[in-house]
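Survey of secondary and tertiary structure
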Amino acid sequence: MDAFSSSFLSTVKPSKFFLTPKISIANSFPFPHFNVSSARIEEKSQPTTTGRTTTKTQPKTTPPLSSSPSSSPVTTTRPPSSSRPLPSAAAVAKRGVEPTLPTKVFSALDDLINIFIDPPIRSSVDPRYTLSNNFAPVDELPPTECEVIEGSLPSCLDGAYIRNGPNPQYLPRGPYHLFDGDGMLHSIRITQGKATLCSRYVKTYKYTMERDAGAPLLPNVFSGFNGLAASAARGALSAARILSGQFNPANGIGLANTSLAFFGNKLYALGESDLPYAVRLTSNGDIETLGRDDFDGKLFLSMTAHPKIDFQTGETFAFRYGPVPPFLTYFRLDSNGNKQPDVPIFSMVNPSFIHDFAISKKYAIFVDIQIGMNPMEMIFGGGSPVGSNPAKVSRIGVIPRYATDETEMRWFDVPGFNVIHAINAWDEEDAVVILAPNILSVEHTLERMELVHALVEKVRIDLKTGIVTRNPISARNLDFGVINPEYVGKKNRFIYAAIGDPMPKISGVVKLDVSKGGRQECTVARRVFGPRCYGGEPFFVARQPENPEAEEDDGYVVSYVHDEIAGESKFLVMDAKSPNLDIVAAVKLPRRVPYGFHGLFVRDSDLKKL
């Protein structure tokens with residue numbers, strides 16, 4: 001699953017930010033109970049790098065999971081001989097620097113909170129489970145040659161496929177949710193049939209300050225507030241760190257761990273709790289963070305991790321959401337990346353999680369879902385401040401995409417329609433159509449992802465009559481649906497979606513043909529990765545991107561895939577037109593790539609613009 005992220009918290013003043021009440025949900029994931037005294041991050045030794053000499057990054061030492069009783073360690077699937085044990089329970093995590101006395105004191109207080117006030121008792125926030133197997137973090141990897149072990153890489157893949165995802169800089173001493181890790185980019189640079197892998201952290205302000213301090217400075221957003229006592233303690237500790245000058249939240253609290261986007265001739269790493277971070281690839285395939293971009297002071301607080309780019313006009317459409325009015329703000333950037341004025345949406349009367357949206361040629365489409373702020377449970381029940389509201393009726397909001405205010409915003413009730421990711425939208429006469437996975441059992445989205453089933457639906461809204469019609473287009477549990485990027489905002493035929501097995505594990509990819517009528521099963525191709533092999537979001541790369549006559553599905557579907565039995569990762573290239581999504585190339589990666597969120601393919605011609 002993707003991080004909805006902490007946009008609700010990004011607009012709150014620091015004194016309030018750290019006072020989030022308890023999330024009181026019982027043990028969730030059905031994993032067996034482990035007793036651990038340490039954990040291991042296990043890697044292969046790194047091969048020789050390509051291009052100019054690149055200094056190998058020093059391995060990071062990380063603290064133990066302090067809430068864990070003693071017994072056998074949790075490990076990833078690599079052999080014990082290649083593992084690195086963690087330091088003793090009293091050790092403070094550091095990355096080549098000696099923590100200052102205030103850092104040592106604050107870290108010791110943090111340990112007391114994690115051990116005595118808020119141990120991670122729920123599986124969904126227990127790092128023994130959330131960071132097991134290929135969810136475990138890895139070190140940075142400089143540009144390293146890869147071996148093509150099957151087929152050959154098509155010339156249209158000259159460029160880079162880059163995928164974002166959470167990778168905590170320090171193993172957590174306390175609760176940790178899947179969405180809480182620092183952003184790490186895994187890039188496979190392809191040039192004339194040869195591939196180079198590089199993994200680098202997005203050097204956000206938070207990452208940099210914690211790296212330099214030698215220890216974590218702020219609690220995890222999704223897992224750091226489990227009860228009034230823990231919230232008060234962590235809030236006071238965070239306030240002390242801010243007052244002591246260790247951290248300035250005005251410089252950003254985000255992780256940039258969700259996705260990437262290329263617009264205005266810049267490449268951005270995105271997370272919706274902060275502003276975009278500009279990054280670039282060097283000539284040898286390394287990744288550099290250029291900095292946080294506020295677009296000449298015109299972008300405030302945060303931006304969605306899912307902007308939409310119209311490839312015909314070059315424009316970018318985006319939004320932000322938060323816990324205070326306006327709960328939703330829509331805006332766009334022109335083809336040069338210049339931000340246009342905000343359009344606040346005051347008809348969004350309550351804060352709602354709006355992680356994604358869609359655009360057509362005429363409209364921007366938002367879904368006001370059943371996940372939002374939960375103040376009554378927070379105040380009287382000691383539960384989560386964010387959760388589902390079964391009494392709420394989901395709505396779809398439609399606004400002209402060039403609107404300068406919200407006067408033409410229209411809302412349509414669509415009961416039970418809960419969208420985390422939108423796939424596409426288009427116009428039909430006096431109607432607009434949206435494609436999106438509808439999250440069933442939305443109450444489990446944050447806590448028990450293995451119970452979530454996402455049903456892809458085609459929803460048509462007649463703007464003249466107000467009638468909304470809905471058709472499911474596949475019975476499978478599918479999410480992370482993507483299309484040929486050239487079809488964003490216009491009618492498309494094909495979708496490539498990830499198979500949840502269950503979420504957050506992805507066992508394969510299906511191709512859907514949404515042109516099929518009625519309630520037919522629309523699956524026309526499928527590839528399952530194999531026993532205990534799991535991938536992530538697929539991405540479509542057109543074979544002839546400059547050819548206006550090219551067929552919509554003339555191209556390739558790419559993804560990272562990890563074999564949990566062998567402990568090895570691959571980069572797969574599949575033929576999008578074939579009935580079985582045949583593998584045309586497989587690249588063995590020099591070390592495993594953890595499971596993550598969203599990726600992007602950037603062509604060589606665009607990389608040269610960075």
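Computed from a predicted model, the values in this text were never measured in an experiment. (Residues numbered from 1 in each chain as written. Predicted model: local features only at pLDDT ≥ 70, side-chain atom pairs only at ≥ 80, totals over all residues. Heavy atoms only, no water.)

1. Concerning the nonpolar core
Membership of the largest hydrophobic core comes to 61 residues, with the highest contact counts inside it found for Phe366, Ile396, Val398, Ile399 and Ile495. In terms of residues, this core owes the most to one element, strand β23 (residues 431-440), which gives six residues. Contact partners of Ile399, with chain neighbours within four places excluded, come to Tyr330, Val343, Ile345, Lys362, Tyr363, Ala364, Phe366, Asp405, Glu406, Glu408 and Met409. By size, the runner-up hydrophobic cluster in this structure holds 45 residues, among which are Leu141, Ile188, Phe262 and Phe601. (Core = buried A, V, L, I, M, F, W, Y, C linked by side-chain atoms within 4.5 Å. Buried < 20%, exposed > 50% of the residue type's maximum accessible area, 1.4 Å probe, protein only. Helix = DSSP H or I, 4+ residues; strand = E, 2+ residues; numbered from the N terminus. Contact = heavy atoms within 4.5 Å.)

2. Details of the pairing of strand β7 (residues 194-201)
In terms of burial, β7 is a largely internal element, seven of the eight residues being buried. Summarising the sheet, strand β3 (residues 141-145) and β7 pair through three bridges and their orientation is antiparallel. Bridge assignment links Glu145 to a residue of β7, and that residue is Thr196. As paired strands, strand β6 (residues 184-191) and β7 are joined by eight bridges and run antiparallel to one another. Looking across to β7, one finds that Leu185 is bridged to Arg200. Between β6 and β7, which follow one another and run antiparallel, lie two residues, and Gln192 among them has a positive phi close to 50 degrees. (Pairing = 2+ DSSP bridges.)

3. Quick notes on the UniProt feature "binding site: Fe cation" (unreviewed entry) in the chain
The residues that UniProt annotates with the feature "binding site: Fe cation" (unreviewed entry) are His306, His355, His421 and His598. Across 293 residues, the annotated set stays spatially compact, with a maximum C-alpha separation of 13.0 Å. Lining residues of the largest pocket drawn from the annotated set just named are His306, His421 and His598. Looking at the secondary structure, you find His355 in the loop between β15 (343-344) and β16 (358-359). In this structure the side chain of His355 is engaged in a polar contact, spanning 2.6 Å, whose partner is the side chain of Glu272. Within the element layout of this structure, His421 appears in the loop between β21 (410-413) and β22 (424-428). By relative accessible area, which is 5% here, His421 ends up buried. At 3.1 Å, the side chain of His421 and the side chain of Asp479 are in polar contact. (UniProt positions renumbered as here; feature names shortened; annotations may be inferred. 1 Å grid on protein atoms, 1.4 Å probe; cavity = no way out; pocket = protein on both sides within 12 Å on 5 of 7 lines; lining within 4 Å. Polar contact = N/O pair within 3.5 Å; in protein donor to acceptor, adjacent residues only side chain to side chain.)

4. Quick word on the layout of surface pockets
Considering only enclosed or pocket space, the largest pocket measures out at about 1200 Å³ in volume. Lining the largest pocket are 50 residues, and of these Ile309, Phe311, Pro485, Phe539 and Leu600 sit closest to its centre. Going through the elements one at a time, β8 (259-263), β12 (308-309), β16, β22, β26 (478-482), β31 (539-542), β35 (599-603) and α8 (604-607) are the ones with two or more residues in the lining of the largest pocket. Classifying every residue of the lining of the largest pocket by side-chain character gives 27 nonpolar, 14 polar and nine charged. (Points joined across faces, edges and corners; volume = space filled by probe spheres on them. Nonpolar A, V, L, I, M, F, W, Y, C, P; charged D, E, K, R; others polar.)

5. Digging into the pairing of strand β11 (residues 287-292)
Judged from the five bridges that link them, strand β10 (residues 277-281) and β11 form a sheet pairing that is antiparallel. If you follow Ala278 over to β11, its bridge partner there is Gly291. Linkage of β10 to β11, two consecutive antiparallel strands, is achieved through a turn of five residues, within which Gly285 is found at a positive phi near 95 degrees.

6. A word on unusual backbone geometry
Most peptide bonds take the trans configuration, and most residues that are not glycine carry a negative phi. Pro502 follows Asp501 through a cis peptide bond whose omega is -20 degrees. Mapped onto the elements, Pro502 comes out in the loop between β27 (494-500) and β28 (506-513). Met503 connects to Pro504 through a cis peptide bond whose omega is 10 degrees. Here Pro504 is to be found in the loop between β27 and β28. Unusually for a residue other than glycine, Asn133 sits at a positive phi of about 50 degrees. Take Asn133: its relative accessible area is 26%, and that puts it in the partly exposed class. Although it is not a glycine, Phe480 sits at a positive phi angle of roughly 55 degrees. Judged by relative accessible area, Phe480 falls into the buried class, the value being 3%.

7. Looking at the sheet that holds β3
An order of β3-β7-β6-β5-β35 is seen for the five strands of this open sheet, with the pairing classed as antiparallel. Two strands bound the open sheet, and with one partner strand each, they are β3 and β35. Looking at each pair of strands side by side, their axes are set apart by 15 degrees on average, direction ignored. (Axes fitted to C-alpha atoms, helices over the stretch in contact; angles between N-to-C directions.)

8. Looking at helix α6 (residues 228-243)
Compared with an ideal rise of 1.5 Å per residue, which puts 16 residues at 22 Å, α6 spans 22 Å between its outermost C-alpha atoms and is within 8% of the ideal. Restricting attention to buried positions, one finds in α6 the residues Ala230, Ser231, Ala233, Arg234, Gly235, Leu237, Ser238 and Arg241. Considering only its buried residues, α6 is in contact with α3 (101-117). (Expected span 1.5 Å × (residues − 1).)

9. Description of helix α5 (residues 205-213)
In an α-helix there are 3.6 residues to a turn, and that puts residues three or four apart on one side. Among the residues of α5, Tyr205, Lys206, Tyr207, Thr208, Glu210 and Ala213 are the ones counted as buried. If you follow the buried residues of α5, they end up packed against α3, β7 and β10. Following α5 by one or two positions, Gly214 adopts a phi angle in the positive range, close to 80 degrees.

10. Overview of the sheet that holds strand β14 (residues 328-333)
The strands that make up a sheet are held in pairs by hydrogen bonds between backbone atoms, and each pair lies either parallel or antiparallel. Strand order in this open sheet of four strands is β12-β13-β14-β15, and the pairing throughout is antiparallel. Across the chains shown, the open sheet's two edge strands, defined by having one partner strand only, are β12 and β15. Sheet topology note: the strand β13 (residues 316-321)/β14 ladder contains six bridges and is antiparallel. Among the inter-strand pairings, Tyr321 is bridged to a residue of β14, identified as Leu328.

11. Looking at the pattern of salt bridges
Across all of its chains, the model carries 37 salt bridges by this definition. The residue Arg128 makes a salt bridge to Asp126 at a minimum N-O spacing of 2.4 Å. Per residue, the accessibility class of Arg128 equals that of Asp126, and both read buried. With its nearest N and O atoms 2.9 Å apart, the salt bridge here joins Arg189 to Asp604. Here Asp604 lies in helix α8 and Arg189 lies in strand β6, a separation of 415 residues in the sequence. For Arg189, a relative accessible area of 12% gives the class buried. Connected through shared salt-bridge partners, Glu140, Arg200, Lys203 and Asp286 make up one network. (Salt bridge = Lys/Arg side-chain N within 4 Å of Asp/Glu carboxyl O.)

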